[in-house]
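Examining the three-dimensional arrangement
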Amino acid sequence: MSAHSSAFAIAFTALLGAPVAAPVMARLAMRLPKALQTRTYLALAGLPVAVVAMSWGGLSSPTYQVNAVAVLAAFWAFLALAVSAFRFESRWLRYTLGPLSILLLALSLFAGTLGGLGTVFIVGDTVPVFTAEQGQGRHCEVTSYGNATTDFGGHRVVITAPVPLLPFLERTVTDQSFEKPQQTPAELCQGLATSPNTGKAPT
């Protein structure tokens, strides 16, 4: 399956499956013994926190599909925790996470149905249009951006390097966006490989 096909399949599974999966996961968690229930809620909270922290720190998997599934799992975990909030003793959690879960579930259903075309454009912007291997194990990946939100668009170029002793992870070395570049994605990768901190499109 191609990256585009995988991206759309994962995205629509996440969106259309959320209104069913989140309540089911929340109900299963509520049926657990108290001690195990607390650990389950901590795990549900920890998954989206871990994914956000890794993204903020520039860490990811070298495989696009793995990253997409991780985001899907984090999304479902947060929704399951938010739906569970209706049963929490804390009023603060009930009155914040509870209504938020309803809003997110409604938005998921809309994005996967009536708003499906917009979702296709947004997801399409996350799929690499060009990839290239560089020296020292570095990897260059080019994605488009702005197709769903602007009338000009551009390219985002990310260069990553393997994390020592953790071959299943890579870290971001360079992450730059170029509005309406004249260069091809291959030329952008080649230019950033030699001048990664210019902040301008390579010439």
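Everything below is about the structure printed above this text.
First, a word on scope: everything that follows refers to the structure included in this document. Computed from a prediction, not measured in an experiment: that's the story for all the values here.

Next up on the list: the sheet that holds strand E2 (residues 128-133). Here five strands make up an open sheet; going across it, the order is E1-E5-E4-E3-E2 and the pairing antiparallel. Where the open sheet ends on each side, the last strands, each with one partner, are strand E1 (59-60) and E2. Here strand E3 (residues 139-145) runs beside strand E4 (residues 154-163); their pairing, made up of seven bridges, is antiparallel. In the sheet register, glutamate 141 faces E4, and the bridge partner there is valine 158.

To continue, consider a nonpolar patch on the surface. Among the surface-exposed residues, Val20, Val24 and Leu28 lie close enough to one another that they form a single nonpolar patch of about 280 Å² accessible area. Among the secondary structure elements, valine 24 is positioned in helix H1 (residues 3-30).

So, about the packing of H1 against helix H5 (residues 116-124). Axis angle and axis distance: for two packed helices, these are the angle between their axes and the distance between the axes, and together they describe the pair. For the pair H1 and H5, the least separation of the axes is 10 Å and the interaxial angle reads 130°. Here H1 is positioned oblique relative to H5, judged by the angle of their axes. Here H1 runs over H5; the crossing is right-handed. Residue-level contacts link Ala7, Phe8, Ala11, Phe12 and Leu15 of H1 to Gly116, Thr119, Val120, Val123 and Gly124 of H5. Split into classes, the residues belonging to the contact of H1 with H5 amount to seven nonpolar, three polar and no charged.

Within soluble globular proteins, side chains that are nonpolar generally end up buried alongside one another. Trp76 and Leu105 are the most contacted members of the largest nonpolar core, which totals 17 residues. Ranked by the residues each element gives to this core, the list is headed by H1, at eight residues. Ignoring any residue separated from it by four or fewer positions in sequence, one finds tryptophan 76 in contact with Thr13, Ala14, Gly17, Ala18, Ala21 and Met25. Counting 10 residues, the second-largest nonpolar core is a separate cluster that includes Ala29, Ala77, Phe88 and Leu97.

What follows concerns H1. At alanine 18, H1 shows its strongest bend, of approximately 60°, with the proline proline 19 following within four residues. Those residues of H1 not exposed but buried are Ser6, Ala7, Ile10, Ala11, Ala14, Leu15, Ala18, Ala21, Ala22, Ala26 and Ala29. Buried residues belonging to H1 abut helix H2 (34-56), helix H3 (64-84), helix H4 (91-112) and H5.

So, about the state of the cysteines. Per the stated rule, a full pass over the model turns up one disulfide. Each sulfur of the disulfide joining cysteine 140 and cysteine 189 lies 1.9 Å from the other. Measuring the twist about the S-S bond at about -85°, one finds the cysteine 140-cysteine 189 disulfide to be left-handed. Highlighted residues: cysteine 140 in strand E3 and cysteine 189 in helix H6 (residues 185-194), separated in sequence by 49 residues. Taken as a pair, cysteine 140 and cysteine 189 share a single burial class, namely buried.

This paragraph deals with unusual backbone geometry. Look at glutamine 136: it is not a glycine, yet its phi comes out positive at around 60°. Mapped onto the elements, glutamine 136 comes out in the loop between E2 and E3. A positive phi angle is found at lysine 180, which is not glycine, with a value near 45°. With respect to the helices and strands, lysine 180 occurs in the loop between strand E5 (166-179) and H6.

It is worth spelling out the packing of H3 against H4 at this point. Contact geometry for H3 and H4: axes closest at 8 Å, N-to-C directions at 135°. Of the possible angle classes, the one that applies to H3 and H4 is oblique. For H3 against H4, the interelement crossing comes out left-handed. Only Leu97, Gly98, Leu100, Ser101, Leu104, Leu105 and Ser108 of H4 make contact with H3, whose side of the interface consists of Phe75, Phe78, Leu79, Ala82 and Val83. When its residues are assigned to classes, the contact of H3 with H4 shows nine nonpolar, three polar and no charged.

A few words now on the environment of arginine 39. Looking at the element boundaries, arginine 39 is found in helix H2. Relative accessible area serves as the criterion here: at 60%, arginine 39 is assigned to the exposed category. Remark: the alpha-carbon pair of arginine 39 and alanine 29, spanning 10 residues in sequence, is separated by 9.7 Å.

Rules used in this analysis
In this convention, every chain numbers its residues from 1, walking through the sequence in written order. Owing to the predicted nature of the model, reporting of local features is limited to residues with pLDDT of at least 70; listing and counting of side-chain atom pairs is limited to 80 or more, with chain, interface and lining totals taken over all residues. Working from all heavy atoms in the structure, the side-chain values ignore hydrogens and water. DSSP bridges decide pairing: two strands pair if at least two such bridges lie between them. Each helix is a run of DSSP H or I of at least 4 residues and each strand a run of E of at least 2, with the numbering of both proceeding from the N terminus. A residue counts toward a patch only above 30% relative accessible area and without a salt bridge, and it is joined to like-charged neighbours within 9 Å or, for Val, Leu, Ile, Met, Phe, Trp and Tyr, to nonpolar neighbours within 5 Å. For the accessible areas, the method is Shrake-Rupley and the probe is 1.4 Å, while residue cover comes only from the protein chains on display. The rule for a salt bridge is simple: a side-chain nitrogen of Lys or Arg has to be within 4 Å of a carboxyl oxygen of Asp or Glu. Between N-to-C directions, angles cover 0 to 180 degrees, with each direction set by a line fitted to C-alpha atoms, over the stretch in contact for helices. Note that the term roughly parallel is reserved for angles under 35 degrees, roughly antiparallel for angles over 145, roughly perpendicular for angles of 65 to 115, and oblique for everything else. What makes a crossing left-handed is the near helix being turned counterclockwise from the far one by less than a right angle; a clockwise turn instead makes it right-handed. Contacts are assigned to residue pairs with any non-hydrogen atoms lying within 4.5 Å of each other. Three classes are used: nonpolar for Ala, Val, Leu, Ile, Met, Phe, Trp, Tyr, Cys and Pro, charged for Asp, Glu, Lys and Arg, and polar for all others, with Gly counted as polar. The term nonpolar core refers to a set of buried residues drawn from Ala, Val, Leu, Ile, Met, Phe, Trp, Tyr and Cys, joined through side-chain atoms within 4.5 Å. Partly exposed describes any residue whose relative accessible area lies between the buried limit of under 20% and the exposed limit of over 50%, with all areas from a 1.4 Å probe on protein chains only and scaled to the type maximum. Fitting axes to the seven residues ending at a residue and to the seven starting there, one defines the bend at that residue as the angle between these axes. Note on disulfides: each one is a pair of cysteine sulfur atoms within 2.5 Å.

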